[in-house]
Every structure is written in structure tokens, then in C-alpha cells.
Amino acid sequence: MTRFSLHHVPDPLAVLRTMVEACRPGGRVVVHDLASSTDPTLAARQDAIETWRDDSHLRTPVLGEVAAWLRDLGAVVDRTDQRTYERPLEPWLAQSLTPPDRAVHVRQAFADELAGGEPTGFAPTQRDDDVWFTQTWELTVAHRP
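Residues numbered from 1 in each chain as written. Predicted model: local features only at pLDDT ≥ 70, side-chain atom pairs only at ≥ 80, totals over all residues. Heavy atoms only, no water.

(A) Inspection of the nonpolar core at higher detail. Grouped together as the largest cluster of nonpolar side chains are 14 residues, with contacts concentrated most on Leu 16, Val 29, Val 31, Val 66 and Leu 70. Ranked by residue count, the leading element in this core is helix 3 (residues 65-72), at four residues. Look past the residues within four positions of Val 31 in its chain and what remains in contact with it is Thr 2, Leu 6, Leu 16, Val 66, Glu 138, Leu 139 and Thr 140. If you look at the next biggest cluster of nonpolar residues, it comprises 11 residues, including Ala 103, Ala 109, Phe 110 and Phe 133. (Core = buried A, V, L, I, M, F, W, Y, C linked by side-chain atoms within 4.5 Å. Buried < 20%, exposed > 50% of the residue type's maximum accessible area, 1.4 Å probe, protein only. Helix = DSSP H or I, 4+ residues; strand = E, 2+ residues; numbered from the N terminus. Contact = heavy atoms within 4.5 Å.)

Here it is as C-alpha cells:
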């Protein structure tokens, strides 16, 4: 099982290959991670914002990409499930100890979208004095045949 780690590794396919190879026949591989838009422009924007927030972020898998990788590695995908969560911006920035000089870029990107500017892929909304946004998480469960 890997949880919220693939977007931090330079070669997620190698990680998944090792997971599949380490399983005996019938063994399960479970991946729970962020998932970006299937629109390449929005996915790139999401990754830029995630990197401003946390410089250990490398690339978020696109929706369905983990399942495709696992199939390519010979695993049988039993289930995928995507959920979109609404999250408040400031606790999200605090969670990763985002430095102020980087947090300002995230806040500005969301403010720009709220004012009708370039979409971020996070669909920010204003709730009273707080900015909220959406984030999609994907669960993929597979087994080694």
C-alpha cells in the first residue's frame, strides 16, 4: 500500500513495479493518492500550485493513470474510486509549512480564478472570509494474477 506518496517520487512506475513484483499471486496493491485533471493544461497548473505549496511535490498522476500503469505492469485492477473533497486553503498551506513567499503564489492563483482569471483546476470558492478549494483523491486496488 502507498498513500499520498506517488506524487513525491521521480519514477512512480518503478515504485508500482516493485509493489507488483513483491506480491505473491493474488496479493493486493493499493494506491491512494491525489489525482489531477485529464486536461493537460489544468494538470500542469495543479502541479505548479502543489509545488508552490510543497516543493517535494513532483507530479500528480492524472485520473485513471495509476490503474493504467498497474495494468501495463500485469496487475489486474479490481477497483478505482475517485472522490472530490472541499478543503479550506489556509489549513492546507499550514499543513505543509508552506513558506510565506511561496504561499502568496497559491493564494494569488486562487484569487485570480475567483476574479474570473485562469482556472487552477482546484475550483476555489469564497466562504465568508475563507477560500476553499476542491481536491480529487483516487483509490486504486489491484492484484497480481
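Continuing now.
(B) Spatial organisation of helix 1 (residues 12-22). For helix 1, the set of buried residues is Pro 12, Leu 16, Met 19 and Val 20. Buried residues in helix 1, looked at end-on, bunch into an arc of 95°, giving them a common side. Projecting away from the buried face of helix 1 at angles above 90 degrees are the exposed residues Glu 21 and Ala 22. Contacts from the buried residues of helix 1 go to strand 1 (2-3), strand 2 (28-34) and helix 3. (Arc of directions from axis to C-beta.)

(C) Spatial organisation of unusual backbone geometry. In this model, Phe 4 sits at a positive phi of 55°, which is unusual for a non-glycine residue. Mapped onto the fold, Phe 4 is located in the loop between strand 1 and helix 1. Residue classification places Phe 4 among the buried residues on the basis of a relative accessible area of 19%. Located in the positive-phi region is Asp 128, a residue other than glycine, with phi close to 55°. Summarising the element assignment, Asp 128 is placed in the loop between strand 4 (125-127) and strand 5 (130-143).

(D) Structural context of the packing of helix 1 against helix 3. For the pair helix 1 and helix 3, interaxial distance at closest approach is 10 Å and the crossing angle is 55°. With respect to their mutual orientation, helix 1 and helix 3 come out oblique. Considering only the axes of helix 1 and helix 3, their crossing is right-handed. For the pair formed by helix 1 and helix 3, the contact residues are Pro 12, Leu 13, Leu 16 and Val 20 on the first element and Val 66, Trp 69 and Leu 70 on the second. Here the contact of helix 1 with helix 3 is composed, by residue class, of seven nonpolar, no polar and no charged. (Axes fitted to C-alpha atoms, helices over the stretch in contact; angles between N-to-C directions. Parallel < 35°, antiparallel > 145°, perpendicular 65-115°, else oblique. Left-handed = near helix turned anticlockwise from the far one by under 90°. Nonpolar A, V, L, I, M, F, W, Y, C, P; charged D, E, K, R; others polar.)

So, to be careful, I would describe these as geometric facts and stop short of saying anything about function.
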